[in-house]
Amino acid sequence: MKLFKFSFLFLLLALGLNVHAQQHELRLNLHYSYAMPLGSFKNDVISNNSPRGVTGDLLYGINNKISVGLGLGFQDFYQKYPRDLYPTGNHETTSAVLSNSVQIMPVLAKAEVYPFNGKRAAVQPYISAGAGLGIISFAQYLGEFGGSDNSAGLMLQGGAGFKVPFNATGSAGLSLGANYNMVNYKKNGFDNFNNINFQAGLYFPLR
Amino acid sequence: MTNKHLLIAVLSVCTASFLSCTKEPLNNLTPQESRIYVTNSDSTVNFSNYQTYSISDSADVLDNGKTHKELTGVDQAYIDAVNKYMQANGFKLVNKNSNPDLGINVNRIYNTATGYYDYNDYWDYYGGYWDPYYWGYGGYDYYVPYSFGIYQVTEGAVSVDMLDLKNANAKGKIAIVWNGLIRGEGIFDSSAADASVKALFDQSTYLKSK
């Protein structure tokens with residue numbers, strides 16, 4: 001198996017494909033996203049990972065190494081906790097199954113940097129950064145009773161990954177990466193909805 | 001396929017998955033999981049000072065602003081369950097004319113339409129639907145400790161109220177010393193009564209006679 005992996009990598013490198021930053025080209029990255037909650041989000045709200053997410057980046061290559069544009073996405077977090085007792089008043093106790101549901105939709109100004117672009121490489125690493133709003137929908141239910149709150153907070157994102165072009169032009173290919181997402185949410189004693197997401201998808205030019 | 005067509009196809013798939021892949025909490029609950037059991041108690045009361053109780057022989061049905069007494073199979077199931085767990089906790093059932101220490105009312109509450117009042121404050125109307133004469137204390141008002149929660153009863157509920165009859169004359173009022181509220185799917189089904197009432201008693205560990 002290990003031999004197969006090395007052979008595959010060697011083959012890719014040997015092909016010597018080139019990923020251009022596609023100067024003055026508009027490109028779309030579309031990914032499936034798998035996310036893991038972190039910190040107080042994980043400890044206090046939802047500890048389950050989320051396999052339900054998509055991300056999409058619309059990026060314009062301002063030169064061979066840097067693209068800038070808009071980063072959008074959607075990630076759905078959900079967890080149902082077993083029945084437990086919750087103090088809901090001075091001398092009031094409620095027994096309920098607690099459900100927490102959080103949807104995060106980033107709207108980010110985003111940049112991707114390809115530090116090694118221009119060199120002939122089959123695998124092109126990149127780093128990315130984004131800043132903007134995280135549109136958040138947070139629903140909490142005791143049994144079937146509860147409600148949701150919609151808000152928007154500051155969201156910062158840092159990411160890294162690599163792209164594997166389909167052909168020598170490098171204008172389309174596979175994209176794999178991960179992002180650390182800082183999502184501000186300060187309401188009702190909650191602190192943030194920070195998470196890390198892993199993404200895999202395609203990139204292709206829009207002409 | 002042009003890039004434009006590819007983009008439309010991909011975005012359509014993404015939009016469809018975006019809308020369909022959200023885990024909707026209310027669609028992921030069984031009827032049992034949908035239910036909540038809420039209890040309020042008067043923290044100044046020591047329940048071990050009470051030995052006997054009597055329970056209403058029918059339920060008070062609060063239906064969109066109108067009230068009447070009824071005894072259906074569901075009501076009987078709730079009354080039986082309350083009897084079962086009261087006696088399991090050491091209380092003795094007596095006739096209401098035998099000066100019980102505690103009186104217990106069982107209520108079925110519906111609010112399916114906008115009535116002239118909607119039970120937003122469950123307690124405000126208590127004296128209106130539970131005549132204190134029933135318990136032999138005509139002229140007394142019901143008293144609900146300020147610490148009791150304000151129930152937002154917007155659909156349906158079953159409630160069980162425990163009244164302090166032992167000290168009614170001394171205090172000049174009938175204090176509600178414990179209350180249990182059951183809400184959620186399937187609560188107006190006889191089969192839900194025992195487990196629901198058990199849950200109320202299980203979370204009220206202080207509710208024991210000597």
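Below is a summary of the structure that appears in this document.

The rules behind these values
Residues numbered from 1 in each chain as written. Chains lettered and ligands numbered in written order. Predicted model: local features only at pLDDT ≥ 70, side-chain atom pairs only at ≥ 80, totals over all residues. Contact = placed C-beta atoms within 7 Å. Helix = DSSP H or I, 4+ residues; strand = E, 2+ residues; numbered from the N terminus. Nonpolar A, V, L, I, M, F, W, Y, C, P; charged D, E, K, R; others polar. Pairing = 2+ DSSP bridges. Axes fitted to C-alpha atoms, helices over the stretch in contact; angles between N-to-C directions. Left-handed = near helix turned anticlockwise from the far one by under 90°.

1. Side note on the interface of chain B and chain A
Part 1: On the side of chain A, 33 residues touch chain B, which itself brings 31 residues to the contact.
Part 2: When residues of the side of chain B that touches chain A are traced back to their parent elements, those giving at least two are α1 (3-20), α2 (31-34) and β1 (36-41) of chain B.
Part 3: A per-element tally of the side of chain B that touches chain A places α1(B) first, with seven residues.
Part 4: For the side of chain B that touches chain A, the class distribution of residues is 13 nonpolar, 13 polar and five charged.
Part 5: Here four bridges tie strand β4 (residues 92-113) of chain A to β1(B), and the two strands are oriented antiparallel to one another.

2. Remarks on the packing of helix α3 (residues 73-88) of chain B against helix α6 (residues 190-202) of chain B
All names here are of chain B.
Part 1: Where α3 meets α6, the closest approach of the two axes is 8 Å, and the angle between their N-to-C directions is 30 degrees. Like other packed secondary-structure pairs, α3 and α6 cross with a definite hand, here right-handed. Residues Gly-73, Val-74, Ala-77, Tyr-78, Ala-81, Val-82 and Tyr-85 of α3 lie in contact with α6, whose contacting residues are Ser-190, Ala-193, Asp-194, Val-197, Lys-198 and Phe-201.
Part 2: Here the contact of α3 with α6 is built from residues that sort into nine nonpolar, two polar and two charged.

3. Some thoughts on the pairing of strand β8 (residues 195-206) of chain A
Residue and element names in this part refer to chain A.
Part 1: Note that strand β1 (residues 26-37) and β8 share 12 bridges and pair antiparallel. From the neighbouring strand, Tyr-34 faces β8, where its bridge partner is Phe-198.
Part 2: Relative to β8, strand β7 (residues 173-183) runs antiparallel, the two being bridged by nine bridges. Of the residues in β8, the one forming a bridge with Gly-177 is Gln-199.

All quantities given are derived from atomic positions and should not be read as evidence of function.
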